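# Structural overview for review
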Amino acid sequence: MTAVLTRRPGLAGLRAASDRSPLHLVCLALVGLVVAAALFAPWAAPHDPNAVDLGGALAGPSADHPLGVDAAGRDTLSRLLLGARTSLLGPLGVVVLSTLAGVAVGTAAAWRGGWLDSVLSRCTELVFAFPGMLLAILVISVYGEGLLAPVVALGVAYLPYVSRLTRSLVLAERARPYVSAYQVQGHSALQICLRHILPNIAPVVLAQSTINFGYALMDLAGLSFLGLGVPPLTPDWGRMVFDGQAAIQHGYPLSAILPCVLVVLTVVAFNVVGERWADRVARRDR
């Protein structure tokens, strides 16, 4: 039998030239800067982020401390740079967990159908009905503060978004002629899904995951702001906002405002990049 040609645009289709608005380019550059800060923070930070100097607490910007220090005398710039690593690591864990599990659940539901599809769909609907932040707070109350518990809880909460999207995409791909041709040739369901279907739907799933990354960053920052996230000494943007509340009352808002601004800008940047990515995929498939 002649070889079957699979429609496999993959990620290469996203490299095609398209209209790029200034907003998209700015957001893309901001994402790159934040990621670079997270990667090179240990070498770029001018001071130890946990070095306490109570004598110089709440000092304003200076040559030695360009962004001043917080209520504990810790350098704000150093904590912002190191905080980028923690602030991005958590959402990355949420996205990886929710994407891998969601793709597996959605693919199984779409391919097998029947009772398995019904059971998995009802389970994801139950997760939809339970707010992710509330689930994270309940898990933290049991296992204590840290990054692992909220990451796992939010990963479970974000799973239905990915699984529903994957299910609809796999159903559309399974109806294409090349899937039937591969089945006739004797390829297993696992081979067809891994080698052909999943590569075809990967750009759409990754676009959704990019958007989920921004929301996960916001959720984890909110938990840290409530004092339920990372431990107190860990540099983290949400934790810095929490620690900076006392500084605001003393007339020094930078230690709280700067991480808050970074959280907002980073969330917006990831959402814009993810939505533009999704738009490109949608235009390509028309």
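Residues numbered from 1 in each chain as written. Predicted model: local features only at pLDDT ≥ 70, side-chain atom pairs only at ≥ 80, totals over all residues. Heavy atoms only, no water.

## Some thoughts on the side chain of D75
Applicable threshold: We count a stretch as a helix when DSSP gives it H or I for four or more residues in a row; a strand needs E for two or more, and each element gets its number in order from the N terminus. The buried label applies to any residue whose accessible area, calculated with a 1.4 Å probe on protein chains only, is under 20% of its type's maximum; exposed applies above 50%, and partly exposed to all values in between. His is not counted, nor are the chain ends; Lys and Arg add positive charge and Asp and Glu add negative charge. Any Lys or Arg side-chain nitrogen located within 4 Å of an Asp or Glu carboxyl oxygen qualifies as a salt bridge. Pairs of N or O atoms within 3.5 Å make up the polar contacts considered here, provided that, within protein, one atom can donate a hydrogen while the other can accept it, and that residues adjacent in sequence are counted only when both atoms are side-chain atoms. Here a residue-residue contact requires only that any non-hydrogen atoms of the pair lie within 4.5 Å.
Following the sequence through the fold, D75 ends up in the loop between α1 (22-44) and α2 (76-112). Although D75 is buried, it forms no salt bridge, and the closest oppositely charged side chain is R79 at an N-O distance of 9.0 Å. Polar contacts involving the side chain of D75 include one to the side chain of S78, which spans 2.6 Å. Ignoring anything within four residues of it in the chain, the contact list for D75 reads P46, H47, D64, H65, G68 and V69.

## What to know about the environment of I137
Note on placement: I137 falls in helix α4 (residues 132-143). Note on I137: relative accessible area 31%, which makes it partly exposed. C-alpha of I137 to C-alpha of L80: the two residues are 57 residues apart in sequence and 25 Å apart in space. Leaving out residues up to four positions away in the same chain, I137 has contacts with L223 and L228.

## Remarks on the packing of α2 against helix α3 (residues 114-128)
For any two helices packed against each other, one specifies the inter-axial angle together with the distance between the axes. The condition is simple: Working convention: axes come from line fits to C-alpha atoms, limited for helices to the stretch in contact. Angles between N-to-C directions cover 0 to 180 degrees. Less than a right angle of anticlockwise turn of the near helix away from the far helix marks a crossing as left-handed, whereas a clockwise turn marks it as right-handed. Gly counts as polar in this scheme, as do all residues outside two lists: the nonpolar Ala, Val, Leu, Ile, Met, Phe, Trp, Tyr, Cys and Pro, and the charged Asp, Glu, Lys and Arg.
Interaxial distance between α2 and α3 falls to 7 Å at its minimum, and their mutual angle equals 145°. As for the relative orientation of α2 and α3, their crossing is left-handed in sense. Every residue of α3 that contacts α2 at V105, A108, A109 and R112 is listed here: G114, L116, D117 and L120. Looking at the contact of α2 with α3, its residues break down into five nonpolar, one polar and two charged.

## Section: the packing of aromatic side chains
To keep it simple, the criterion reads: Pairing of aromatic side chains here covers Phe, Tyr and the six-membered ring of Trp, requires ring centres within 6.5 Å, and sorts the geometry by plane angle: under 30 degrees stacked, over 60 edge-to-face, intermediate tilted. Distance and angle both matter: a charge sits over a ring if NZ of Lys or CZ of Arg is within 6 Å of the ring centre and within 35 degrees of the ring normal.
In this structure the tally under the stated criterion is four aromatic pairs. Seen from their ring centres, Y178 and Y182 are 6.4 Å apart, and the 85° between their planes marks the pair as edge-to-face. Residue Y178 and its partner Y182 are both found in helix α6 (residues 177-184); the two are separated by four residues, about one turn of the helix. Look at Y178 and you get buried, because its relative accessible area is 6%. Judged by its relative accessible area of 8%, Y182 is buried. Here a set of aromatic residues connected by ring pairs shows up, and it is made of F128, Y158 and Y161. One Lys or Arg, R174, reaches over the ring of W111 and ends 4.3 Å from the middle of that ring.

## Comments concerning the side chain of D219
The topology assignment puts D219 in helix α7 (residues 189-225). For the buried D219, no salt bridge exists, and the shortest N-O distance to an oppositely charged side chain is 17 Å, to R239. With near-sequence residues (within four places) excluded, D219 lies in contact with M133, L154 and Y158.

## Observations concerning the pattern of salt bridges
Using the criterion set out here, one finds seven salt bridges in the structure. Taking the shortest distance from any N to any O, the salt bridge between R74 and D70 comes out at 2.9 Å. For the pair R74 and D70, a shared accessibility class is recorded, and that class is buried. The closest approach of N and O atoms between D117 and R167, which form a salt bridge, is 2.8 Å. You can see D117 sitting in helix α3 and its partner R167 sitting in helix α5 (residues 148-174), a full 50 residues away along the chain. Since its relative accessible area comes to 13%, D117 is described here as buried. Residue classification places R167 among the partly exposed residues on the basis of a relative accessible area of 29%. Salt bridges linked by common partners bring D70, R74, R239 and D243 together as one network.

## Quick notes on the confidence of the model for the protein chain
Low-pLDDT stretches of the model should not have their predicted coordinates read in fine detail. How we decide: A residue's pLDDT is simply how confident the predictor is in it, with values from 0 to 100.
Averaged over all residues, the pLDDT of the protein chain equals 84, while 92% of them reach at least 70. When mean pLDDT is taken per element in the protein chain, α2 scores highest with 92 and helix α9 (residues 245-249) scores lowest with 78. Throughout residues 1-19 the model reports pLDDT below 50, and contacts reaching past four residues in sequence, or to other chains, amount to 37 contacts.

## Regarding α6
Where we set the bar: Each C-beta atom gives one direction from the helix axis, and the arc is the one those directions make.
Listing the buried residues of α6 in full gives Y178, V179, A181 and Y182. One side of α6 carries all its buried residues, which in axial view fall inside an arc of 160°. The exposed set on the far side of α6, more than 90 degrees from its buried face, consists of P177 and V184. Packed against the buried residues of α6 are α2, α5 and α7. G186 sits one or two positions beyond α6 and adopts a positive phi of about 95°.

## So, the nonpolar core
Note the cut-off: For the purposes of this section, nonpolar cores are sets of buried Ala, Val, Leu, Ile, Met, Phe, Trp, Tyr and Cys residues that join through side-chain atoms within 4.5 Å.
Among the nonpolar cores identified, the biggest contains 19 residues, and C27, V31, L88, F213, L217, W237 and V263 are the most heavily contacted of them. Those residues in contact with L88, other than ones at most four positions away along the chain, are V34, V35, A38, F213, L217 and T266. Counting residues in each nonpolar core, the second largest holds 14 residues, with V103, V162, I192 and I201 among its members.

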